[in-house]
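# Examining the three-dimensional arrangement
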Amino acid sequence: MTVTVVNPATEGVITTLESAGVDETDAAVARAKEALPAWRAVSPKDRGTLLRRLAALVEEHGEELARIESENVGKPISGARGEVGMVADVFHFYAGAVDKHHGETIPVAGGIDLTLRDPLGVVGLIVPWNFPLNITSWKLGPALACGNTVVLKPAELTPLSALRLAEFALDAGIPEGVVNVVVGKGSVVGQRLVEHPDVAKIGFTGSTEVGRTVMKGAADTIKRVTLELGGKSANVIFADADLERAAAAAPYAVFDNAGQDCCARSRILVERSAYDDFAQLLIDATRNVKVGDPTSADTEMGPLISASHRETVKSFIEAEPLFRGDAPDGKGYWYPCTLVEATNDDRIAREEVFGPVAALIPFDDEADAIRIANDTPYGLSGSIWTRDGARALRVARALETGVLSINSNSSVRVSTPFGGYKQSGFGRELGLHGLEGYSEVKNVYYSTEG
Ligand code: NDP
């Protein structure tokens, strides 16, 4: 069995790889298990040094990694460069975090009580195709910092940057067997990792549907799981907001990465009194999004990941949209920026499209905005645009979502926690919170009596 890796912008074949099965997965888990005792014994200072070297290699080879990612995912090169920069920053952050993940001493009678942090063991990391290298680093950084060894399964569509990163890990001096990459089908390799008795934890990012399968599969061995799943995030625009700024930013909050982003603010909720003005500003701003060749420095949006995914995205557009932008013809899985008017009950507002399609939904007042924003099974991300600071904080409190920004659409920072409420998953990645998902707390009581 082989995996054919395709450039979504040209439909050209980049390379063909062997597809691993259960035996190769088991062998990788065995290698990771064998490497574990020595890796967890590496001193915190040395583990930090190795992670720092990995960060430095990512920086040194940043352009190469950005080109791999751009070609394999179809993402614009400027965005890919930014993502690779973040990957290096993530490894720098966790290099510095190794010796700051402290235990506690807890006041108790008759002795001293202290907590220790232990690694979990061999962890399975399952990564999607939309941000392959970034999402890998969010899991790999804290996993290694905490002393775990890793079997990483990239998405079948986008395995190339993970394979190169594993080479850099070896070059950095991280011992053989600590980082293992297995390229193969999710239903085979991923499933085996989920079921494998020697895998202690699954760090998963992907669809809510597969997340559910992972959670069920993990139950048999009581594996720990972190699930970062789908989203249907609301971008809430109040009439008192800086409408020009909000409208200029909104297209990039949903069309970035061609909308293939779990944080995409694909429900744009606008206060009714400002709806018409905002809609016009949004159309004007969307018209300016530069769609085309991902290798051009000024391109802002590339193609979708695959032909079948484009069919899925297309299926959401049932009537003439409010606005449809331009996209290249011919080879490549192109789809234009699309704005539709909707109610929150429409399919477009309920399901994750994972493409460049945004739904505009009017609301009456603050209470109505909160009701609509929360009326979704998801709860990953979102934005609030208003000049009223008290209202911004009131609404932020009321929204059932893990990551929010006020007068901004950013969701992800190296040092801040990222993750979802409700069916967007659980557990937090990034920041110091990311370490919690890759360690156990051990409590030790030492009697001082007698
Ligand atoms: P999936 O959830 O199918 O894939 C995510 C990862 O899980 C991939 O590495 C995949 O491997 C693996 N996987 C698939 N099946 C299993 C399984 N049974 N056990 C363990 N691992 C498995 O996402 P898709 O790529 O199919 O995308 C479908 C939809 O999911 C998108 O349209 C979008 O709505 C959502 N999605 C959300 C993401 C997010 O960031 N939250 C990211 C990607 C998708 P393989 O690639 O080999 O199938």
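Further up the page is the structure itself.
As the structure is a computational prediction, the values presented were derived from the model and not from experiment. (Residues numbered from 1 in each chain as written. Predicted model: local features only at pLDDT ≥ 70, side-chain atom pairs only at ≥ 80, totals over all residues. Heavy atoms only, no water.)

## Concerning the sheet that holds strand E5 (residues 122–126)
Selection criterion: The rule for pairing is simple: two strands pair if DSSP sees at least two bridges between them. By definition, any uninterrupted DSSP run of H or I lasting at least four residues is a helix, any uninterrupted run of E lasting at least two residues is a strand, and each is numbered from the N terminus.
The sheet built from 6 strands is open, its strands ordered E7-E6-E5-E8-E9-E17 with mixed pairing. A strand with exactly one partner marks an edge of an open sheet, and here the two such strands are strand E7 (179–181) and strand E17 (425–426).

## Some details on empty space enclosed by the protein
We count it as follows: Here a cavity means grid points, on a 1 Å grid over the protein atoms only, where a 1.4 Å probe fits yet cannot get out; a pocket means an open set of points with protein on both sides within 12 Å along at least five of seven lines; lining residues are those with an atom within 4 Å of a point. Grid points are joined across faces, edges and corners, and a volume is the space filled by probe spheres set on the points. Under this grouping Gly is polar, as are all residues other than the nonpolar Ala, Val, Leu, Ile, Met, Phe, Trp, Tyr, Cys and Pro and the charged Asp, Glu, Lys and Arg.
Under the criterion given, the structure shown has 3 cavities of 30 Å³ or more. By volume, the largest cavity is sized at about 120 Å³. If you trace the largest cavity, you find 19 residues lining it, with Ala234, Arg267, Ala373, Ser381 and Thr401 closest to the centre. Put simply, the parts of the chain that give the lining of the largest cavity at least two residues each are helix H13 (366–374) and strand E15 (382–385). Taken together, the residues that form the lining of the largest cavity break down as 6 nonpolar, 9 polar and 4 charged. Considering only enclosed or pocket space, the second largest cavity measures out at about 60 Å³ in volume. Along the wall of the second largest cavity there are 13 residues; nearest its centre are Ala264, Ser266, Glu352, Val353 and Phe354. Residues that form the lining of the second largest cavity fall into these classes: 6 nonpolar, 4 polar and 3 charged.

## Overview of the layout of surface pockets
Which parts of space are left empty comes out when a probe the size of a water molecule is rolled across the atoms. There is about 1100 Å³ of room inside the largest pocket. Residue lining of the largest pocket: 42 residues in total, with Trp129, Phe204, Gly206, Ser207 and Val210 positioned closest to the centre. Among the elements of the structure, helix H7 (186–195), strand E8 (199–205), helix H8 (208–219) and helix H11 (307–314) are those that each provide at least two residues to the lining of the largest pocket. Of all the elements, H8 adds the most residues to the lining of the largest pocket, at 6 residues. Taken together, the residues of the lining of the largest pocket break down into 18 nonpolar, 16 polar and 8 charged. In this model, the second largest pocket occupies a volume close to 600 Å³. Together, 32 residues line the second largest pocket, and Glu83, Phe131, Asp256, Asp261 and Val412 are the ones closest to its centre. Breaking the lining of the second largest pocket down by element, the ones donating at least two residues are helix H4 (77–97), helix H5 (132–145) and helix H9 (243–255). The dominant element in the lining of the second largest pocket, judged by the number of residues it contributes, is H4, at 6 residues. Among the residues forming the lining of the second largest pocket, the class breakdown is 15 nonpolar, 10 polar and 7 charged.

## Re the packing of helix H3 (residues 62–73) against H4
The geometry of a pair of packed helices is captured by two quantities: the angle between their axes and the separation between those axes. Note the following rule: A fitted line through C-alpha atoms represents every axis, and for helices the fit uses only the stretch in contact; the resulting angles, taken between N-to-C directions, go from 0 to 180 degrees. Relative orientations are named as follows: roughly parallel for angles under 35 degrees, roughly antiparallel for angles over 145 degrees, roughly perpendicular for angles from 65 to 115 degrees, and oblique for any other angle. Two helices cross in a left-handed way if the nearer one is turned anticlockwise from the farther one by less than a right angle. They cross in a right-handed way if the turn is clockwise. Contacts are residue-level and defined by heavy atoms, with any inter-residue pair within 4.5 Å sufficient.
At a minimum axis distance of 8 Å, the contact between H3 and H4 shows a crossing angle of 125 degrees. One finds that H3 runs oblique with respect to H4. Of the two possible hands of crossing, H3 and H4 adopt the one that is right-handed. Touching Gly62, Glu63, Leu65, Ala66, Arg67, Glu69 and Ser70 of H3 are Ile77, Ala80, Arg81 and Val84, all from H4. The residue inventory of the contact of H3 with H4, partitioned by class, reads 5 nonpolar, 2 polar and 4 charged.

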